[in-house]
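# Architecture and fold: a report
Here is what each chain is made of, one letter per residue.
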Amino acid sequence: MADIVDAETRSRLMAGIRSKNTKPELLLRRALHARGLRYRLHGAKLPGKPDLVFAKHQAVIFVHGCFWHRHSNCRFATTPSTRSEFWTAKFSANIERDKKNVAALLENGWRIATVWECALKGGDVSRVAELVAHWLTQERTCMLEVPTA
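Here is a short report on the structure shown in this document.

Reading the values: the criteria
Residues numbered from 1 in each chain as written. Predicted model: local features only at pLDDT ≥ 70, side-chain atom pairs only at ≥ 80, totals over all residues. Heavy atoms only, no water. Core = buried A, V, L, I, M, F, W, Y, C linked by side-chain atoms within 4.5 Å. Buried < 20%, exposed > 50% of the residue type's maximum accessible area, 1.4 Å probe, protein only. Helix = DSSP H or I, 4+ residues; strand = E, 2+ residues; numbered from the N terminus. Contact = heavy atoms within 4.5 Å. Pairing = 2+ DSSP bridges. Expected span 1.5 Å × (residues − 1). Arc of directions from axis to C-beta. Salt bridge = Lys/Arg side-chain N within 4 Å of Asp/Glu carboxyl O. Axes fitted to C-alpha atoms, helices over the stretch in contact; angles between N-to-C directions. Parallel < 35°, antiparallel > 145°, perpendicular 65-115°, else oblique. Left-handed = near helix turned anticlockwise from the far one by under 90°. Nonpolar A, V, L, I, M, F, W, Y, C, P; charged D, E, K, R; others polar.

Membership of the largest hydrophobic core comes to 22 residues, with the highest contact counts inside it found for L28, L32, F54, I61, V115, V128 and V132. The set of elements that each furnish at least two residues to this core consists of α2 (23-34), β2 (52-54), β3 (59-64), β4 (111-116), α5 (117-120) and α6 (125-137). Here the element with the most residues in this core is α6; it accounts for seven residues. Not counting residues within four places of it along the chain, the set of residues in contact with L32 comprises L37, Y39, L52, F54, I61, A129, V132 and A133. Judged by nonpolar contacts, the second largest core, of eight residues, contains L46, V53, F62 and V102.

Laid out in structure tokens, this is it:
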């Protein structure tokens, strides 16, 4: 099936998809900041450039989009019907890069939390922020994946 827009329009639309300061990321940042937690943004010196870096707690948070990072069993992790080979390769590369970055961070002693976009949709941000805040300040586990509602 052919794309419904021309190549120039598709390029403009795809260029508008942000990797930083996304709506889910901003929601979580506001909620954590309101709880008194301070962080650095988009740690360029760390593998994967985590969205939030809590150096004091030796922890990072990735706010992943369900579509781009392939959240398993999520209704937002759909696969486009056109150019399926391209999308399969794209998603596989994203997943492999995420695994490589997580392994490098763990090897360097960082704790990692992954917050999925769907966990923040529907206004359940305060629950997610509480889980993350508790993990940061109380728990010493290496990894946290915030469950969806």
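Tracing the backbone shows F91 in helix α4 (residues 84-107). When residues no more than four places from it in sequence are discounted, the contact partners of F91 are F67, W68, R70, T78, T79 and P80.

Summarising burial for β4: six of the six residues are buried, a large majority. Burial of the side chains of β4 extends over both faces: R111, A113 and V115 are buried on one face and I112, T114 and W116 on the other. Here β3 pairs with β4 via six bridges, running parallel. Paired with H64 across the strands is W116, a residue of β4. Where β4 meets strand β5 (residues 143-145), three bridges bridge the pair, whose relative direction is parallel. Its bridge partner being in β5, I112 is matched across the sheet by M143.

Before going further, it helps to examine α6. With 13 residues, α6 should reach 18 Å at 1.5 Å per residue; the first-to-last C-alpha distance of 18 Å fits that figure. Among all positions in α6, only V125, V128, A129, V132, A133, W135 and L136 are buried. Here the buried residues of α6 occupy an arc of 160 degrees about the axis, which is enough to place them on one side. Those residues of α6 hidden inside the fold are in contact with α2, β2, β3, β4, α5 and β5.

This paragraph deals with the sheet that holds β3. On the basis of which strands lie adjacent, the open sheet formed by five strands has the order β1-β2-β3-β4-β5 and mixed pairing. The two strands at the open ends of the sheet, each matched to only one other strand, are β1 (40-41) and β5. Pairing between β2 and β3: three bridges, direction antiparallel. Opposite F54, over in β3, you have A59 as the bridge partner.

Below, the discussion takes up the pattern of salt bridges. Under the criterion given, the structure shown has five salt bridges. Salt-bridge contacts for E25 lead to R29; the nearest nitrogen and oxygen are separated by 2.9 Å. Here E25 and its partner R29 are both found in helix α2, four residues apart, which amounts to about one turn of the helix. The burial state of E25 is the same as that of R29; both residues are buried.

The next subject is the packing of α2 against α6. Two numbers describe how α2 lies on α6: the axes approach to 9 Å, and their chain directions differ by 60 degrees. One element, α2, and the other, α6, form an angle in the oblique class. Classified by chirality, the crossing of α6 by α2 is right-handed. Between α2, through L27, L28, A31 and L32, and α6, the contact on the second element is made entirely by V125, V128, A129, V132 and A133. Class assignment for the residues of the contact of α2 with α6 results in nine nonpolar, no polar and no charged.

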